[in-house]
Amino acid sequence: MCGKCDKRFRWVVTAAIILATGITIFGCGKQSPPRQPVAQELSVGISTDVDNWYLDRFPDGDARFVWSQVYETLVRLTPDLKIKPRLATSWESADEGQTWTFHLRKNVRFHDGTLFNAQAVAFSYSPTSYAIRTILQAAERVETVDEYTVRFILSRPMALPYYLTHIGWPIMSPSCIEGQGKFIRPIGTGPFRFHTQDSDQQVVLVRNNHYWGPRPQLSRVTFKIIPDATARVIALEAGDVDMIVKVPGPEVARLEEHPDISVHRGMSTFTDFIQFNCERPPFSDLYVRQAVAHAIDTEELVATVLEDIGKPAYGRPYSPIMLYANPNLNLPAHDIDKAKALLAEAGWTDANGDGLNERDGEPLTATLLVTTNPNVGAGGRFISLAEAIQEQLRQVGIQVMIQLLEGGAFLNAEREGNFDMLLRTGHYVWGSYPRHFFIHHSQNPYSHIKNAELDRLIDHADATVDAQQQCDLYHHLQQMTVDLLPAFYLVHQEKIVATTARVGGYELSAEPPWLNLHGVYIKPAP
């Protein structure tokens, strides 16, 4: 190589090295410090505190969202309401539903390290438990066959596995009580364990690092008690909480436009309905009940009162996501003229032209009870529904007086029969199992109709475990309820949960009243 070329070559190489070094140095200078791990701590706004942790009482209000993180059931439902194993891996009945044997999951421990076994199941379904004293009264005894096998002996056949999906009667460790039977603290097998509780302020749970299933990504969940629905929305927008449940309908459309908030919507198993007092006039007359059914426009209720939150029921008893929901019912169409004709058939006419019907000089009036308790009557939403129903019934000549009562007074008025109509929701709709019709059974204190054939069919359906026979019976029950009209069904509810942009992995489940936190995590800041 000539000298000139050699110099040029050395200059190029040197420049390349300097340039490369400069880039490297420059690049190092621009590097950010390594990101710190994101604290996997979630805060959830709920409406009520946990008023009870023990199996002797049913947890009220939003307590069940918290229970479902701490406690587990033998059987659970998938997000789309299919039954699946949980603490029991399998089950069977050898006598068409009167005896059920459950085979338990092994190598599961409670939060305090004690072993989950058949003795724990027997403890959880002892005679003092709420479940055995109320909804599972047919359970005569629970036998521990061996350490991981338990048998329920019933007085009558029933589809027991569906009942055991409800978080209101879960499995608790016998160690949650002391020697004298006094409750000490909540001890379950769930993905989170109890940490602290500040009354009416917050409940803090921490991850169960020894959970038998997939370990949660969240290390801590704080449930903040915010009774007012609007205040929960404000807390979400301010970043004081990461998630809120029971988002009020009027806020949904605005939150859906918020760039940093996700609104999760899905059908619920709950249906709002008017229940008639069929044991006294005017609703002891089927024609009058039918007139109300034709007078109420459920499409208008959803569109104008609920701002398109939920689905019109048209009198249909079951949400379409319920097991055995019958899509082919003969339903009462909204028809003002038909309603007026039915009232005339019952002897109620507008004789003086004032727009209200009379019979024998007496006006057609009715009281509609609405509870102000947000856990029972959905608070302001029910008040708005009641006012719209009042106006719709006035159009056919029925004068409705709305009575707003707090929870205890509402139940007292119902117990005394001092009402004409009640506005309520849900009742016996845990998961997909169609137990709801028990509210119309004459042996139920919440029933206000006596019909022997209806009672017989309700009992028969619940005592049948063959799926096809159950389907046929519940289809028949739905049409029978539409025809007898112990209640008129208004709106199939939607579940609405809202999360901030920090929350990832959340999937809304139709499974009530669970708050499914499986897969949820906190995202790193952008």
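1. Thoughts on the environment of aspartate 308
Move 1: Tracing the backbone through its elements, the reader meets aspartate 308 in the loop between α9 (298–305) and β13 (311–312).
Move 2: Residues within four places of aspartate 308 in sequence aside, it is in contact with Arg265, Val302, Ala303 and Glu494.

2. Looking at the packing of helix α14 (residues 452–462) against helix α15 (residues 467–484)
Move 1: Contact geometry for α14 and α15: axes closest at 9 Å, N-to-C directions at 155 degrees. Judged by the angle between their axes, α14 and α15 are roughly antiparallel. Handedness of the crossing formed by α14 with α15: left-handed. Mapping the contact onto sequence places Glu453, Leu454, Leu457, Ile458, His460, Ala461 and Asp462 in α14 and Gln470, Leu473, Tyr474, His476, Leu477, Met480, Thr481 and Leu484 in α15.
Move 2: Looking at the contact of α14 with α15 residue by residue, the classes come out as 9 nonpolar, 4 polar and 2 charged.

3. Description of empty space enclosed by the protein
Move 1: Applying the stated criterion across every chain, the model contains 1 cavity of 30 Å³ or more.
Move 2: A volume near 50 Å³ is recorded for the largest cavity.
Move 3: Thr269, Thr271, Phe273, Pro317, Tyr318, Ser319, Met322, Gly426, Val429, His436 and Tyr489 together form the lining of the largest cavity.
Move 4: When residues of the lining of the largest cavity are assigned to their parent elements, the largest contribution, 3 residues, is made by strand β12 (residues 261–276).
Move 5: Its residues assigned to classes, the lining of the largest cavity shows 6 nonpolar, 5 polar and no charged.

4. Re the pattern of salt bridges
Move 1: Inspection of every chain in the model, using the stated rule, returns 18 salt bridges.
Move 2: For arginine 86, the salt bridge goes to glutamate 72, with nearest N and O atoms at 3.1 Å. Residue arginine 86 is found in the loop between β3 (83–85) and β4 (88–92), and its partner glutamate 72 is found in the loop between α2 (63–70) and β2 (75–77); the two are separated by 14 residues along the sequence. When sorted by exposure, arginine 86 lands in the same class as glutamate 72, which is buried.

5. So, helix α13 (residues 407–415)
Move 1: Among all positions in α13, only Gly407, Phe410, Ala413 and Glu414 are buried. Along α13, the residues classed as buried sweep out an arc of 130 degrees about the axis, all on the same side.
Move 2: Buried residues belonging to α13 abut β16 (365–371), β17 (399–405) and β18 (421–425).
Move 3: A side-chain oxygen of the first residue of α13 lies 2.9 Å from the backbone nitrogen of glycine 408; this N-cap is glutamate 406.
Move 4: At the C-terminal side of α13, glycine 417 shows a positive phi close to 70 degrees.

6. Brief notes about the layout of surface pockets
Move 1: One number sums up the size of the second largest pocket: a volume of about 450 Å³.
Move 2: Surrounding the second largest pocket, 28 residues form its lining, Arg76, Arg86, Tyr211, Asn516 and His518 being those nearest its centre.
Move 3: Of all elements in the fold, only α2 and β2 reach the threshold of two or more residues within the lining of the second largest pocket.
Move 4: Looking at the lining of the second largest pocket residue by residue, the class counts come to 12 nonpolar, 9 polar and 7 charged.

7. Brief notes about the confidence of the model for the chain
Move 1: Averaged over every residue, the pLDDT of the chain is 91; residues scoring 70 or more account for 92%.
Move 2: Low pLDDT, under 50, characterises residues 1–29; the predicted model gives this stretch 2 contacts beyond four residues in sequence or across chains.

8. Quick word on α14
Move 1: Where α14 is concerned, the buried positions are Leu454, Asp455, Leu457, Ile458, Ala461 and Asp462. Looking down the long axis of α14, one finds its buried residues gathered within 170 degrees of arc, a one-sided arrangement.
Move 2: Considering only its buried residues, α14 is in contact with α5 (160–163) and α15.
Move 3: Two or three places before glutamate 453, at the opening of α14, asparagine 451 has a side-chain oxygen 3.1 Å from that residue's backbone nitrogen.

9. Notes on the sheet that holds strand β6 (residues 139–146)
What holds strands together in a sheet is hydrogen bonding between their backbones, with the strands either parallel or antiparallel.
Move 1: Spatially, β4-β5-β7-β6 is the arrangement adopted by the 4 strands of the open sheet, whose pairing is antiparallel. Only two strands of the sheet have a single partner each, and these edge strands are β4 and β6. Between one strand axis and the next, the sheet turns by 20 degrees as a mean value, whatever way the strands run.
Move 2: Sheet topology note: the strand β5 (residues 99–104)/strand β7 (residues 149–154) ladder contains 5 bridges and is antiparallel. Paired with phenylalanine 102 across the bridge in β7 is valine 150.

10. Observations concerning a negative patch on the surface
Move 1: There is a patch of like negative charges on the surface, built from Asp95, Glu96, Asp466 and Asp472.
Move 2: Residue placement: aspartate 95 occurs in the loop between β4 and β5.
Move 3: Residue class for aspartate 95 comes out partly exposed when judged on its relative accessible area of 35%.

11. So, the packing of aromatic side chains
Move 1: Summed over the entire model, instances satisfying the criterion amount to 19 aromatic pairs.
Move 2: Both rings, one in phenylalanine 58 and one in tryptophan 169, keep their centres 6.0 Å apart while their planes meet at 45 degrees; by these two values the pair is tilted. Taken together, the residues span a long stretch of sequence, with phenylalanine 58 in the loop between β1 (41–46) and α2 and tryptophan 169 in the loop between α5 and β8 (192–198) at a distance of 111 residues. The burial state of phenylalanine 58 is the same as that of tryptophan 169; both residues are buried.
Move 3: Taken together, a centroid distance of 6.3 Å and an interplanar angle of 80 degrees make the contact between tyrosine 433 and tyrosine 474 edge-to-face. On the criterion of sequence distance, the pair formed by tyrosine 433 in the loop between β18 and α14 and tyrosine 474 in helix α15 is long-range, its members being 41 residues apart.
Move 4: Three or more aromatic residues joined by ring pairs form one cluster here, namely Tyr162, Tyr163, Tyr324, Tyr433 and Tyr474.
Move 5: Directly above the aromatic system of phenylalanine 438 lies the positively charged group of arginine 435, at a separation of 4.1 Å from the ring centroid.

12. Things to note about the pairing of strand β10 (residues 220–225)
Move 1: Inspection of the sheet shows β1 paired to β10 by 6 bridges, in the parallel sense. Bridging across to β10, glycine 45 finds its partner in lysine 224.
Move 2: With 5 bridges joining them, strand β9 (residues 202–207) and β10 adopt antiparallel strand pairing. For leucine 205, the partnering residue across the bridge sits in β10 and is valine 221.

About the cut-offs
- Residues numbered from 1 in each chain as written.
- Predicted model: local features only at pLDDT ≥ 70, side-chain atom pairs only at ≥ 80, totals over all residues.
- Heavy atoms only, no water.
- Helix = DSSP H or I, 4+ residues; strand = E, 2+ residues; numbered from the N terminus.
- Contact = heavy atoms within 4.5 Å.
- Axes fitted to C-alpha atoms, helices over the stretch in contact; angles between N-to-C directions.
- Parallel < 35°, antiparallel > 145°, perpendicular 65-115°, else oblique.
- Left-handed = near helix turned anticlockwise from the far one by under 90°.
- Nonpolar A, V, L, I, M, F, W, Y, C, P; charged D, E, K, R; others polar.
- 1 Å grid on protein atoms, 1.4 Å probe; cavity = no way out; pocket = protein on both sides within 12 Å on 5 of 7 lines; lining within 4 Å.
- Points joined across faces, edges and corners; volume = space filled by probe spheres on them.
- Salt bridge = Lys/Arg side-chain N within 4 Å of Asp/Glu carboxyl O.
- Buried < 20%, exposed > 50% of the residue type's maximum accessible area, 1.4 Å probe, protein only.
- Arc of directions from axis to C-beta.
- Polar contact = N/O pair within 3.5 Å; in protein donor to acceptor, adjacent residues only side chain to side chain.
- pLDDT = per-residue confidence, 0-100.
- Pairing = 2+ DSSP bridges.
- Patch = residues over 30% accessible without salt bridge, like charges linked within 9 Å, V, L, I, M, F, W, Y side chains within 5 Å.
- Areas by Shrake-Rupley, 256 points an atom, 1.4 Å probe, with all protein chains shown as cover.
- Lys, Arg positive; Asp, Glu negative; His and termini not counted.
- Charge placed at Lys NZ, Arg CZ, Asp CG, Glu CD.
- Phe/Tyr/Trp six-rings, centres within 6.5 Å; stacked < 30°, edge-to-face > 60°.
- Lys NZ or Arg CZ within 6 Å of the ring centre and 35° of its normal.

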